[in-house]
Each structure stands twice: as structure tokens, then as C-alpha cells.
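Notes for the structure review
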Amino acid sequence: MSGDIDYGNLMHDAMRGLIRKVLLDVADRGLPGNHHFFITFDTAHPDAELADWLSDRYPGEMTVVMQHWYDGLDVTEDGFSITLNFGDAPEPLYIPYDAIRTFVDPSVEFGLRFEQQESDEPDSPELLLPALDTAEAKPETSEEKSKDAEIVSLDSFRK
């Protein structure tokens, strides 16, 4: 046996496995309680699939909100498919786990961030607890709850 234990890759796999397990549960049972997700992903990832107008508008990364309306959630070993509503236009997406940069559930102040590295080394996951400044997290009004999926900036949630 030679070499070192690759803790970075082991954490990488474990955190993406956690996201997969959460999404599998949501696919089976729906989103429980006030849970919802902000998922930021690399739109240029070779295996990501999204409408041309979305990739043109968000050429580097995009954050989607999985909350009130989504359809066709299909979770696989390598990623997940989902249809979200952008304005009044339902659009199917395929997001590979390797394309995910952040996964945040603000209802319980949980988040994961996969740091991007300049080298050929894989991303290093970072656990974000708490992921939110609770002073900025506000309960939704009924008008806000009726909104469709939206793209948001996670800058306000970062440390």
C-alpha cells in the first residue's frame, strides 16, 4: 500500500452522496415542511443540460430554487433531472452532481459549498453551518409563496 488517503475526494463523494439521498427522499415524498433548496451549478459543465436561452443568460453558473413548484424530479447516480418554471416557461434541466457548486436549505440553515480550484485537483467541499445570516432570512409572504422558480444570488448567504 502506497500513497496517502485522499480525504478530499472521499469528502467530495460523501457530500454529493448526501445531496443525492436528500433528493431521492424528496422525489419519493415531496418537500417536507418549509424545506426548500438553492442549488448553484456550473452551466458550462459538459454533462449539464439546460435550454440554450438559460445557458446564454448564465454562461458560468446559475442558481435555481426548488420550492413551490417543480415537476419530473428524477434522481440518478450521477445527477438529477427536474423541470422548473422560469416566468411562465417550464424548462427541463439535468444537473450532474459534479456540476453543483452550492446546495443550501435555508429553512434549517444548512449548506454545502464545493470550492473551485485552479489546479487539476477535485473540488474541496465545505460544510456551511450556519449557511445564512438569520437577520437576512425573512418569512415569505403569501405573495412571495406564489412566485415561480427564480434565479438568485447566494452572495447574501456567504460568510
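Report follows, based on the coordinates. (Residues numbered from 1 in each chain as written. Predicted model: local features only at pLDDT ≥ 70, side-chain atom pairs only at ≥ 80, totals over all residues. Heavy atoms only, no water.)

In this section: helix H1 (residues 7-29). With 23 residues, H1 should cover 33 Å at 1.5 Å per step; its first-to-last C-alpha distance of 33 Å lies within 8% of that length. Of the residues making up H1, those classed as buried are His-12, Met-15, Arg-16, Ile-19, Leu-23 and Val-26. Gly-30 sits one or two positions beyond H1 and adopts a positive phi of about 85 degrees. (Helix = DSSP H or I, 4+ residues; strand = E, 2+ residues; numbered from the N terminus. Expected span 1.5 Å × (residues − 1). Buried < 20%, exposed > 50% of the residue type's maximum accessible area, 1.4 Å probe, protein only.)

This structure, assessed with the given rule, holds five salt bridges. When the shortest N-O distance is used, the salt bridge between Arg-101 and Asp-42 registers 3.6 Å. Of this pair, Arg-101 sits in strand S6 (residues 100-105) while Asp-42 sits in strand S1 (residues 37-42); the two residues are 59 residues apart in sequence, bridging distant segments of the chain. Of the two residues, Arg-101 and Asp-42, both sit in the buried class. Through salt bridges with shared partners, one network takes in Asp-42, Glu-61 and Arg-101. (Salt bridge = Lys/Arg side-chain N within 4 Å of Asp/Glu carboxyl O.)

The strand order S3-S4-S5 describes an open sheet built from three strands, whose pairing is antiparallel. The open sheet has two edge strands, strand S3 (71-75) and strand S5 (89-96), and neither has a second partner. This sheet shows a mean twist of 20 degrees between the axes of neighbouring strands, independent of strand direction. Relative to S5, strand S4 (residues 79-86) runs antiparallel, the two being bridged by eight bridges. Counted as the bridge partner of Ile-82 is Leu-93 from S5. Sitting on the sheet, H1 is in contact with S3 and S4, with an inclination near 140 degrees to S3. (Pairing = 2+ DSSP bridges. Axes fitted to C-alpha atoms, helices over the stretch in contact; angles between N-to-C directions. Contact = heavy atoms within 4.5 Å.)

Tallied over the full model, the rule gives three aromatic pairs. For the pair Phe-80 and Tyr-97, a centre-to-centre distance of 6.4 Å together with 35 degrees between the ring planes defines the contact as tilted. Residue Phe-80 is located in strand S4, and its partner Tyr-97 is located in the loop between S5 and S6; the two are separated by 17 residues in the primary sequence. Here Phe-80 and Tyr-97 have matching classes, each one buried. (Phe/Tyr/Trp six-rings, centres within 6.5 Å; stacked < 30°, edge-to-face > 60°.)

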